[in-house]
Amino acid sequence: MKILFFSAKPYDRTFFDLHNERYGFELEYLETHLGPHIAEAAQGQTVVCVFVNDKVNAEVITVLAEKGVKIIALRCAGFNNVDLEAAREKGIRVCRVPEYSPQAVAEHTVAMLLTLNRKTHKAYNRVREQNFSLNGLMGFNLHGKTVGVIGTGKIGAAFCRIMKGFGCKVIAYDIAINAALQELGVEYQDLNTVLSNSDIISLHCPLNEHTHHLIRAETLQKMKKGVMLINTSRGGLINTPDVIDALKNKHVDYFGIDVYEQEEKLFFKDLSEHIIDDDTIQRLMSFPNVLVTAHQGFFTDEALSEIAQVTLASIDALAKGTEPANKSAILV
Ligand code: NAI
């Protein structure tokens, strides 16, 4: 059976080729992302395997169905880029990797938090140029600070546990309470209270119609002056121009993002020789107190191995007409 990969990178090949030894599927890798411009390439394929920025809307799904595609396999957890209703109508099964390594993303969130706070990225460059001055590198103790976590699912919970280890007070907002976290001392509060009481706010809820632009002028105003805001979830949770205003007037003092609403034109590509036609990200990157990473929260050896293994196992089960062991891997 053939599987056509979109947005494939060298590391995808490494891990999928390795785990495919067990299945013997015919794997074809395309570097381009999936969208209306390339959906025709799925001619004769049974399975397409996509990633976070592939556009799998109704238009694309119609073409995939015409070309004979029976399974869309997402090699990621989030699925806001796929029109599940359109897939259901066309009789296409859709699977994802619900949990590959929540620790990977939680740990990257902590890396961003520590970098913004202790400015290790600046210290690294300074020392290499024999500048051993500490001016401008002052941080603050995390111990005793209040960390607000929005979304305490798998990643949010892993992040809460790490921050408890730092000696922080952890408060959280979620539409569903996690009793195990409460036992650890995480306090659930309403969204406005979490926004107004936190020194550091980290977003870990999914992007959907309720959470789109959750962070905007109105919610930014509720935050403490000098707050640190981190988003490793999905770019659409934040109205970026509103955060730029809050950075300019120093209401937000630190801003770290691993995801960006318009990231599909930028992330996972080497654009070092190009003129970037996105003034918002360029403005963001001009602030000394902003850290942008290009959607690398998931990017650990353990996570990539798990992604390849779970994706191929789900495809194998669906192709055989059975269901994968992990029910939450199936979206349609
Ligand atoms: P999860 O499904 O385990 O947890 C999401 C949590 O958000 C749940 O507890 C849910 O109740 C809560 N939630 C849903 N709607 C909410 C709302 N309106 N307000 C507050 N909370 C709400 O998901 P998981 O695995 O923890 O992933 C979280 C997000 O992280 C994903 O949706 C994905 O977008 C992102 N992600 C980012 C990665 C990266 O590389 N940066 C990698 C993997 C996931």
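Every value quoted in this text rests on a predicted model; they were computed, and no experiment measured them.

Bringing the domain arrangement of the chain into the picture now. Segmenting the chain into domains produces domain 1 (2-100 + 300-329) and domain 2 (102-292). Its C-alpha centre places domain 1 at a distance of 30 Å from the equivalent point of domain 2. Listed by partner, the interface residues are 12 residues for domain 1 and 8 residues for domain 2. Carbon and sulfur atoms make up 58% of the surface buried where domain 1 meets domain 2, a total of about 970 Å² over both sides. If you sort the residues of domain 1 by the area they bury against domain 2, Asn53, Asn80 and Glu99 come out on top, with a joint share of 44%. Scanning the region where domain 1 abuts domain 2 turns up 0 salt bridges. On inspection of domain 1 and its partner domain 2, the count reaches 3 residue pairs in polar contact (both at pLDDT 80 or more). Split into classes, the residues belonging to the side of domain 1 that touches domain 2 amount to 6 nonpolar, 4 polar and 2 charged.

Here we take up the pairing of strand β1 (residues 2-5). As judged from the 4 bridges shared by β1 and strand β2 (residues 26-29), these two strands associate in the parallel manner. Residue pairing in the sheet places Ile3 in a bridge with Leu27 of β2. For the crossover that starts at β1, traverses helix α1 (residues 10-20) and ends in the parallel β2, the hand is right-handed. In terms of strand pairing, β1 meets strand β3 (residues 47-50) through 3 bridges, oriented parallel. Residue pairing in the sheet places Phe5 in a bridge with Cys49 of β3.

Compared with the 27 Å implied by 1.5 Å per residue over 19 residues, the 27 Å span of helix α12 (residues 301-319) between its first and last C-alpha is a close match. Following α12 by one or two positions, Gly321 adopts a phi angle in the positive range, close to 80 degrees.

Here we take up the packing of aromatic side chains. Tallied over the entire structure, the rule returns 8 aromatic pairs. Taking the centre distance of 4.7 Å and the plane angle of 40 degrees together, the rings of Phe5 and Tyr29 count as tilted. A residue pair is termed long-range when its members are at least 10 positions apart, and Phe5 in strand β1 and Tyr29 in strand β2 qualify at 24 residues. Centroid distance Phe298 to Phe299: 5.6 Å. Interplanar angle 65 degrees. Geometry classified as edge-to-face. Look at Phe298 and you get buried, because its relative accessible area is 4%. A relative accessible area of 39% places Phe299 in the partly exposed class. Linked through ring pairs, Tyr11, Phe51, Phe268, Phe298 and Phe299 together constitute an aromatic cluster.

Rules and cut-offs
- Residues numbered from 1 in each chain as written.
- Predicted model: local features only at pLDDT ≥ 70, side-chain atom pairs only at ≥ 80, totals over all residues.
- Heavy atoms only, no water.
- Domains from an automatic or database assignment.
- Contact = heavy atoms within 4.5 Å.
- Buried area = accessible area lost by both parts, 1.4 Å probe.
- Salt bridge = Lys/Arg side-chain N within 4 Å of Asp/Glu carboxyl O.
- Polar contact = N/O pair within 3.5 Å; in protein donor to acceptor, adjacent residues only side chain to side chain.
- Nonpolar A, V, L, I, M, F, W, Y, C, P; charged D, E, K, R; others polar.
- Pairing = 2+ DSSP bridges.
- Helix = DSSP H or I, 4+ residues; strand = E, 2+ residues; numbered from the N terminus.
- Right-handed = clockwise from strand over helix to strand, strands pointing away.
- Expected span 1.5 Å × (residues − 1).
- Phe/Tyr/Trp six-rings, centres within 6.5 Å; stacked < 30°, edge-to-face > 60°.
- Buried < 20%, exposed > 50% of the residue type's maximum accessible area, 1.4 Å probe, protein only.

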